[in-house]
Every structure is written in structure tokens, then in C-alpha cells.
Amino acid sequence: MFYPSIFNDVLAPVTQGPSSSNTVGPHRIGTIARSILDGRPEYLKIEMSRGGGFYDTFYSMDSDKAFLAGVLGKDLIKFDLGAVYEAAEEEGLKYEFVFSDRIAKQPTEMGELTLKSSKETIVLTGITLGGGEILIRDINGEPFQIKGIYPEEIVIKGSDKIRHLPSVYPMKTIKEAVPPFTRSEEMIDYCRRNEIPLWQAALDYECSLTGISQKEIMKTAAETLDISYASIEAGFKKGIEFEGVTVAKAPEIKEMMKKTTLIPMGAADMGALDALAVMEYSNSHGKIVCMPTGGASGIIPAAIRNTAETLGKTREDEIKALLTAGLIGVFYFPTHYHGALGCQAEVGVATSMAAAALTSLISDDPVAVERAAVLAMQYIIGQVCDPIEGYAQIPCFIRNIASVPLAMTCANYAVLGLDTAVTLDGMADAVLRVGERLREGRINDMGTCMSSYEANPCSSCGKCKI
């Protein structure tokens, strides 16, 4: 049974913006394809649907470069994607990208990869599911279920050669591991029985899945926070450019705020602007942490940084708040944080996580933290993800901006005891039900249940129960 990891599946992946679906997903598919192929790749063809999501985003969001980098064995973060075409030429890799009506429109970000070496040719279908998740659905016409979570060994039809497939996730997880809780009620009970705050429960949860020490988990959390804070600072540098119908405004707005009469909002003033800075930097292909997606990457770091500064909290407090956010996100994993389920499943989840994190800065009560998470999602649930003029920046920018003060409001009223009438588990279930309606019941178009979180799966395939 699979359980999501905080630093593999929630506060992750680290990627070039603006979308992990378009960078991390293709890179992971390319990486696995290379490991399946016997010999050095000499030819790559990717065929995609003319009516699918890749048709509009393949080049503008660097999916082409990410696929090539994966097939070439290049690290997505350390390697300069801008040099990938030169690298392909140097290594003798021929390639072509084709859009046709032969490939099905659903799943929307799917490609048929043909990869050749001097020894063999393989053909596989790779699907990017959102948030960096992937699925290799078939190889040479033979059905497979390869997600790259754990190292695997496979044998493909027509060959007796064993293929050693790597895990493509940063945190190595234990396949047989069982976390101390899988439902929010169990999480609250765990905290009460052990008399610990949620950030400590988050450490216990992640350690149980990875076998890594709490000290190492804290270090990972600190590094994750540092990357996000660096994204904020980078977003205020002048000269940021990106494709779309808007231009970068964060540096200009920061200057205007100093000399313009505005309604004072305290920590939310700079918090909201920091969120915009991250989003603009992300859309210029800057390095971000998806929390839990690229489209919502500004909310949590901006909220934590400015609230902690206003309250006089320490760096360690900020790291603990991030761990709390990550643990709350685990319970939303069945949604896959996918924009196809509406912004409730990315902006909404991020706001819910942020509200929980901020509450943990002013209260150790796990019930209050859960309450804040639920309040935030109750406000956003049902919100559609609908790009304007074909660009996802609108309305993602304003939703990231507005979500920071919303998270702060929910944190305050959670501590003050505002009722929610539903648990975090119930809220996550509702996100799925509403999301299925937003997608007009098409969540299962890929022919398999999208949810790999078997402890709390989706209901769309008829085999799962909510």
C-alpha cells in the first residue's frame, strides 16, 4: 500500500516553473524511458494529441526540453534546460515531436514515446498526472503500471533482459512502511495521546515512510523553505519576463506601496505581494518549490514568512510551520492537487495548508490547526481553474495573492473557535466529489484510478469508496 510522502508528494517537487506537470512529469517519463532502453538513446519521437493539453503548453512551458533532458540523463535542476538541444546534438540524439489525431485526447498530458538505440526500439505511453506524478501505462503494447516511486525490475515482451528502473523521487521511501496515522481523526488522536504538536507528528509520519532521521527531515524542511524564500526575493528583481497577457508587476507594486494610501492589512500587505513575486518568478521559468503545485507555489512561503516576522517567531518556528503545512497536504493527496479538479485542488489545498501552518505559529492545539485548514477550503471549494486568454497566469496570480490574507483570517478564527462542522477528511472527500463534477465525471479517462493513495482513494473508478 502506498502512502504519500511530505517531501515527495506535498512540499514538492522543486522545479523550474511554472508547472511541474510540464517539467517534472516529462523529465521523469524521459528518465524512466532511458532506463528501460537497452543501449544509448539515438532517436526519440514523441507523439501527442492535437486536442490534448500538451498542444498548447509543450514548448511554452518547456516540456520539450524536460523530455529531452530526461532521455539524456540530465538533472532537471542542475542542468541548464536552455542548453538541452545543444546537448542532444553533441550526444547524437535525433528527435521529433508530433501532434496528431491518432493519440487520444484523454488523459490530456499523454505522449507515446518511441526510443531507439543501436540494440533495440521501445515504444511506451507516458502520462503526466500533475504535481510531478507520472504513469508509464504500457511498453511495446504490454500493459504496465510504472510510477517511478520505488526502484523496480521489469522484463518487457520479446526480451529476456532485466531492466532496472530507478525511483525518480528525491526521498527514498520504504515500500512496506506504514505511517502512524492515515486519517485526520487518527492524526488528532495521535497528537493527543503523545502530547505533541502537529509539526512533531509530521516528523514522525515522514520518518516512518523514509527511515530517515528527524534531524535529516528537519534539514530537508529548512532547505525547502530556503528555496521558496529565494523565489520570493528573485521575484522582486527587475527584468523578469514571461509569455502571457500580463507583465511582471511585483517590483513596481512594492515601490508604489511605499507612497500610495492603502487599506492597512498588517502582515497580509507584504504577504500577498510576496505570493505574487513567487508566481511571476515561476512563470519566467524560475526555480520554485511546488506547494503543492506550481500554480499555488506562492501562498505557503509568503504566508509563513510574513506572519512569522510579524509575530517575532524564529527560523525554527517557520520550519515547524512548514512541516505542519506538509502534513495537512497529505490528506488532500487523493485529489492529486490537479487543476482539472478546479483551483480548489491546488490554490484551495495550498491555502488550507497555509492556514494550518499559520495556526501552528500561535497555537499548539491540533484541533485548532485542523479547523483552520477546513475553514480555508470551505471558502474556496468549487472554484474552477479556468485560464483567461489561454494563459494560466490569470487568475492564478490574484488567487495566490488573495489566499495569503485568507489563510491568516482562517488561522485567527480557528483559534477563536469558529465551527467547521466537518473534519479534514470530510473536507478532502468533498473536494473530490465537487472536482468530479467540475470535470464532468471524466477523472477516470485514463482507464485506471488516478488515486494511488489506497488508504483514501478516489471514487471515480467504482472500485474505491469515500
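Only a predicted model underlies this, so the values are computations on that prediction, with no experimental measurement involved.

Rules and cut-offs
Along each chain, the written sequence defines residue order, and numbers are assigned to residues from 1. Totals for whole chains, interfaces and linings use all residues, but because this is a predicted model, local features are given only for residues with pLDDT of at least 70 and pairs of side-chain atoms are given and counted only at 80 or more. Side-chain metrics in this entry use all non-hydrogen atoms of the structure; hydrogen atoms and water are not considered. Here a helix means four or more residues in a row that DSSP labels H or I, a strand means two or more in a row labelled E, and each is numbered from the N terminus. When we talk radius of gyration, it's over C-alpha atoms, and the globule rule is simply 2.2 Å times the number of residues to the 0.38. Partly exposed describes any residue whose relative accessible area lies between the buried limit of under 20% and the exposed limit of over 50%, with all areas from a 1.4 Å probe on protein chains only and scaled to the type maximum. Contacts are assigned to residue pairs with any non-hydrogen atoms lying within 4.5 Å of each other. Each salt bridge in this description consists of a side-chain nitrogen of Lys or Arg and a carboxyl oxygen of Asp or Glu lying within 4 Å of one another. Detection works on a 1 Å grid of protein atoms alone, calling trapped sets that fit a 1.4 Å probe cavities and calling open sets with protein on both sides within 12 Å along at least five of seven lines pockets, with lining residues defined by an atom within 4 Å of a point. Grid points are joined across faces, edges and corners, and a volume is the space filled by probe spheres set on the points. Any residue outside Ala, Val, Leu, Ile, Met, Phe, Trp, Tyr, Cys, Pro, Asp, Glu, Lys and Arg is labelled polar, Gly included; the first ten of those are nonpolar and the last four are charged. Only residues above 30% relative accessible area that lack a salt bridge enter a patch, with like-charged residues linked at up to 9 Å and the nonpolar side chains Val, Leu, Ile, Met, Phe, Trp and Tyr linked at up to 5 Å. Only the protein chains shown count as covering a residue, and every accessible area follows the Shrake-Rupley method with a 1.4 Å probe. Axis definition: a line fitted to C-alpha atoms, limited for helices to the stretch in contact. Angles are taken between N-to-C directions and run from 0 to 180 degrees. Here the angle decides the label: under 35 degrees means roughly parallel, over 145 means roughly antiparallel, 65 to 115 means roughly perpendicular, and every other value means oblique. Left-handed describes a crossing whose near helix is turned anticlockwise from the far helix through less than a right angle; right-handed describes the clockwise counterpart. Two strands make a pair as long as DSSP finds a minimum of two bridges between them. Two N or O atoms count as a polar contact when they lie within 3.5 Å, although within protein this holds only if one can serve as hydrogen donor and the other as acceptor, and sequence-adjacent residues are included solely when both atoms are side-chain atoms. Defined by distance alone, a disulfide is two cysteine sulfur atoms within 2.5 Å.

(A) Geometry of the overall build of the protein. Scanning the protein for helices and strands turns up 16 helices and 10 strands. Relative to the globule expectation of 23 Å for 466 residues, the C-alpha radius of gyration of the protein, 22 Å, shows essentially globular dimensions. By principal-axis analysis of the C-alpha atoms, the protein measures approximately 65 × 50 × 45 Å. Within the protein, the proportion of its 466 residues that are buried is 59%. Long-range contacts, defined here as pairs at least 24 residues apart, represent 72% of the contacts in the protein between residues at least 6 apart.

(B) Molecular detail of the pattern of salt bridges. In total, this model carries 18 salt bridges according to the counting rule given. Of the charged contacts, one joins Asp62 and Lys65 as a salt bridge, the two residues approaching to 3.7 Å between their closest N and O atoms. One salt bridge in this structure joins Arg193 and Asp189, with 2.8 Å as the shortest N-O distance. Taken together, the positions of Arg193 and Asp189, both in helix 6 (residues 184-194) and 4 residues apart, correspond to about one turn of that helix. Among the charged side chains, a salt-bridge network with shared partners connects Glu47, Arg102 and Glu112.

(C) View of the layout of surface pockets. Size it by volume and the second largest pocket reaches roughly 700 Å³. Broken down by secondary-structure element, the contributors of at least two residues to the lining of the second largest pocket are helix 2 (24-36) and helix 8 (214-235). Split into classes, the residues belonging to the lining of the second largest pocket amount to 14 nonpolar, 7 polar and 6 charged.

(D) Spotlight on a nonpolar patch on the surface. There is a patch of nonpolar side chains on the surface, built from Leu311, Ile362 and Val415 and spanning about 230 Å² of accessible area. Inspection of the secondary structure assignment puts Val415 in helix 15 (residues 393-415). A relative accessible area of 39% means that Val415 is categorised as partly exposed.

(E) Quick look at the packing of helix 14 (residues 366-380) against helix 16 (residues 424-438). Helix 16 packs onto helix 14 with a crossing angle of 20° between their chain directions and a minimal axis gap of 9 Å. One finds that helix 14 runs roughly parallel with respect to helix 16. Where helix 14 crosses over helix 16, the two elements pack in a sense that is left-handed. Residues Glu370, Ala373, Val374, Met377 and Gln378 of helix 14 form the contact with helix 16, whose own contacting residues are Leu424, Met427 and Val431. Considering only residue class, the contact of helix 14 with helix 16 consists of 6 nonpolar, 1 polar and 1 charged.

(F) Focus on the pairing of strand 7 (residues 142-146). With 3 bridges connecting them, strand 6 (residues 133-139) and strand 7 associate as antiparallel partners. The residue bridging Ile136 from the neighbouring strand is Ile146, located in strand 7. Here strand 6 hands over to strand 7 after 2 residues, with Asn140 in that stretch at a positive phi of 50°.

(G) Structural context of empty space enclosed by the protein. Summed over the entire model, instances satisfying the criterion amount to 6 cavities of 30 Å³ or more. Roughly 70 Å³ of volume is contained in the largest cavity. Contributing to the lining of the largest cavity are 11 residues, with Phe2, Asp9, Glu133, Ile149 and Tyr169 lying nearest its centre. At the level of elements, helix 1 (6-10) and strand 6 are the ones that each hand at least two residues to the lining of the largest cavity.

(H) Highlighting the pairing of strand 5 (residues 121-130). Counting buried residues along strand 5, 8 of its 10 residues qualify, which places the element largely inside the surrounding structure. Summarising the sheet, strand 4 (residues 110-116) and strand 5 pair through 7 bridges and their orientation is antiparallel. Across the sheet, the residue bridging to Gly111 is Gly126, located in strand 5. For strand 5 and strand 6, the ladder comprises 6 bridges, and the chain directions are antiparallel. Paired with Thr125 across the strands is Asp138, a residue of strand 6. Counting the residues that bridge the hairpin from strand 5 to strand 6 gives 2 residues, and of these Gly131 lies at a positive phi of roughly 65°.

(I) Representation of the environment of Pro366 in the model. Along the polypeptide, Pro366 turns up in helix 14. Judged by relative accessible area, Pro366 falls into the buried class, the value being 9%. For the pair Pro366 and Tyr190, spaced 176 residues apart in sequence, the C-alpha to C-alpha distance is 9.9 Å.

(J) Region of the structure containing the packing of helix 8 against helix 11 (residues 299-311). Across the interface, helix 8 lies against helix 11 with an axial gap of 9 Å and an inter-helix angle of 90°. Taken together, the axes of helix 8 and helix 11 lie roughly perpendicular to each other. Contacts between helix 8 and helix 11 pair Ser228, Tyr229, Ile232 and Glu233 from the former with Pro301, Ala302, Ile304 and Arg305 from the latter. Residues belonging to the contact of helix 8 with helix 11 are distributed by class as follows: 5 nonpolar, 1 polar and 2 charged.

(K) Expanded view of the side chain of Ser5. Looking at the element boundaries, Ser5 is found in the segment before helix 1. The buried category is assigned to Ser5, whose relative accessible area is 1%. Side-chain polar atoms of Ser5 contact the backbone nitrogen of Phe7, separated by 3.3 Å.

(L) Up close: the state of the cysteines. Summed over the entire model, instances satisfying the criterion amount to 0 disulfides. Cys191 carries a free sulfur, and the closest cysteine sulfur to it, the one in Cys207, is 14 Å from it.

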